[in-house]
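# Close look at the chain arrangement
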Amino acid sequence: MEDRFEPAVRFENVNYSIDGDLILKEVTGSFPKGRITTIVGPSGAGKSTLLKLCNGLISPDSGKILIDGRQTEEMDPVRLRRKVGIALQDAPMMDGSVFDNLEIPLVLQGKRLEPEAAQSALTDVGLPAGLLSRDSRELSGGQRQKVSIARTLINRPEVLLLDEITSSLDPASQAEIELLIKTLNDRHGTTVIWITHNIDQAVRIGDYTWVMMDGKVAETGEALLLHEPATLQVREFVKGGQV
Amino acid sequence: MTYGTLALTLIFVFIPLVLTRVLNLGLEKDLLIATIRSVIQLLAVGYLLAFVFEAESPVFILLMITLMIVAATHNVQRKGTAIPGITAKVAVTFIFIEVLTQGILLGFGIIPATPQYIIPISGMVIGNSMVLAILFLNRFTAEVEARRGEVELFLSLGGTPKQAIHPRLMQAIKASMIPTLESQKTMGLVQLPGMMSGLIIGGADPIEAVQFQLLIIFLIMTNAAVTSAMLGFLSYPTLFNGRMQLVRKLET
Ligand SMILES: Nc1ncnc2c1ncn2[C@@H]1O[C@H](COP(=O)(O)OP(=O)(O)O)[C@@H](O)[C@H]1O
Ligand SMILES: [Mg+2]
């Protein structure tokens, strides 16, 4: 399958299983460089698994994943994970303050986070700088998501993977995050792969989209395809709207 | 004590036997097995020790210690830990702790180099290490399972396995040391420690008995710290694969 664009991430016949259950089946396709691609699909379709494969948290059973043409399995895992950053689903937090959490990516490299840098990291995602000293366990769901994004951005990834980062946000916060990601994409050409369960959001923010169903790629194409899916199952899913 | 008087002590087995009958606890079999096993095992050890003390050969001392380490290792491994290839790591830990403690005790002339000292102290050291090893391994695997998300978070941000596991490791080491420290704080207040009681019954001067007990208490602190830390650093790499990924599930 030839791409009509330069791929930042490309999957070739990727299979992934857990305890003999095939979670991803012969996944093939590309994510365009410098663009925003959304991934939609019912829960359990394998979307999060797909992102973890890009970031090297897991490896495929067979097939390959190419980042800028290089196979992930042949890259140094640490370099790969800094280049392809992920904001994990549920935004896990380390015990400690918000500052401690923002500092993790740098501490892992033996560096410190400057207080001013920490403040602007927070304000960039629409959080007050005063939140820095807050215990991470006291954050609301939405605040956690925002801290998680800010933390991932500290590594300045070339490819940014976002796993349902706005699902617990109110509409105003959602708009804030959408703007942030769009700006990042505009200014730095960051490639974004964004899992969302919100079809409207997928059309609004995505240049391109992947629909995942039951471990397979059901459809890929311009984001607007979500308004007129080619296959029946995707049409049913989109009509069902959420989930 | 004569064997006649020892036989009389079976009264203390008879009492719970009657109780379990009356209360229908169904523990008769366990009681009998426990009694028979302790009689056979301890008498065997007694005769073995008598023989080793008599022979005064370092070969037999080494053999006894090896036996202890093998038994302790087997016991830890039998408790079914989820960490693959743990047996060798546990054995290495026990060997190290034994060499370390005896090295200090004998090297500084704290105890004389006779089997009467070396063997019982080794038994206490290895036995204590065994309990700690089990405690630590359970705690460590539970900790990693419960905090998988955090471990993955560190990895996902470009951390090495060592960096990702470090907080979990420290937590488990700390948790496994706490019972030892707590029990030592109340030592002597309620219960006289077993070894000290034994020495006093055997006719030793109480102060001398206390001195030996203190030696053991201090020893056990080293034991607790070194066993958990060493086992932790030896075992964490097996939780990850060559691609710096957390192995998917620890079977427990
Ligand atoms: N650690 C795991 N253990 C067992 N099954 C898992 C695990 N992670 C994911 N799965 C299974 O893999 C499938 C895909 O999961 P996931 O990628 O999280 O889907 P999505 O993000 O699309 O909801 C689901 O059926 C899920 O139950
Ligand atoms: Mg998911």
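These notes cover the structure that comes with them. (Residues numbered from 1 in each chain as written. Chains lettered and ligands numbered in written order. Predicted model: local features only at pLDDT ≥ 70, side-chain atom pairs only at ≥ 80, totals over all residues. Heavy atoms only, no water.)

### With respect to the environment of Thr227(B)
Residues and elements named next belong to chain B. Mapped onto the elements, Thr227 comes out in helix H10 (residues 206–235). By relative accessible area, which is 0% here, Thr227 ends up buried. C-alpha separation for the pair Thr227 and Phe51, spaced 176 residues apart in sequence, amounts to 31 Å. Among all residues touching Thr227, those that are not within four sequence positions of it are Thr93, Ile97, Ser129, Leu132, Ala133 and Thr222. A distance of 2.6 Å separates the side chain of Thr227 from the backbone oxygen of Asn223, its partner in a polar contact. (Helix = DSSP H or I, 4+ residues; strand = E, 2+ residues; numbered from the N terminus. Buried < 20%, exposed > 50% of the residue type's maximum accessible area, 1.4 Å probe, protein only. Contact = heavy atoms within 4.5 Å. Polar contact = N/O pair within 3.5 Å; in protein donor to acceptor, adjacent residues only side chain to side chain.)

### Some points on the site of ligand 1
Around ligand 1, a shell composed of Ile18(A), Ile23(A), Pro42(A), Ser43(A), Gly44(A), Ala45(A), Gly46(A), Lys47(A), Ser48(A), Thr49(A) and Arg248(B) is seen. Separating an oxygen atom of ligand 1 from a backbone N or O atom of Gly46(A) is a distance of 3.0 Å. Between an oxygen atom of ligand 1 and a main-chain N or O atom of Lys47(A), the distance comes to 2.9 Å. Computed on the free molecule, ligand 1 has an accessible area of 560 Å², of which 56% lies beneath the protein chains in the complex. Sorting elements by how many residues they give to the shell around ligand 1 places helix H1 (residues 47–55) of chain A first, with three residues. Counted by class, the shell around ligand 1 contains four nonpolar, five polar and two charged residues. (Near = heavy atom within 4 Å. Areas by Shrake-Rupley, 256 points an atom, 1.4 Å probe, with all protein chains shown as cover. Nonpolar A, V, L, I, M, F, W, Y, C, P; charged D, E, K, R; others polar.)

### A few points about the interface of chain B and chain A
Taken residue by residue, the interface counts 17 residues in chain B and 29 residues in chain A. Carbon and sulfur atoms make up 54% of the area that chain B and chain A hide from each other, which totals about 2,000 Å². Considering only the side of chain B, the residues that lose the most area to chain A are Leu157(B), Arg243(B) and Arg248(B), jointly responsible for 34% of the buried surface there. The closest approach of N and O atoms between Asp95(A) and Arg147(B), which form a salt bridge, is 3.1 Å. Across the chain B-chain A interface, the total number found is 13 residue pairs in polar contact (both at pLDDT 80 or more). Tallying contributions element by element places helix H7 (residues 148–156) of chain B first for the side of chain B that touches chain A, with seven residues. Among the residues making up the side of chain B that touches chain A, the classes are represented as five nonpolar, seven polar and five charged. (Buried area = accessible area lost by both parts, 1.4 Å probe. Salt bridge = Lys/Arg side-chain N within 4 Å of Asp/Glu carboxyl O.)

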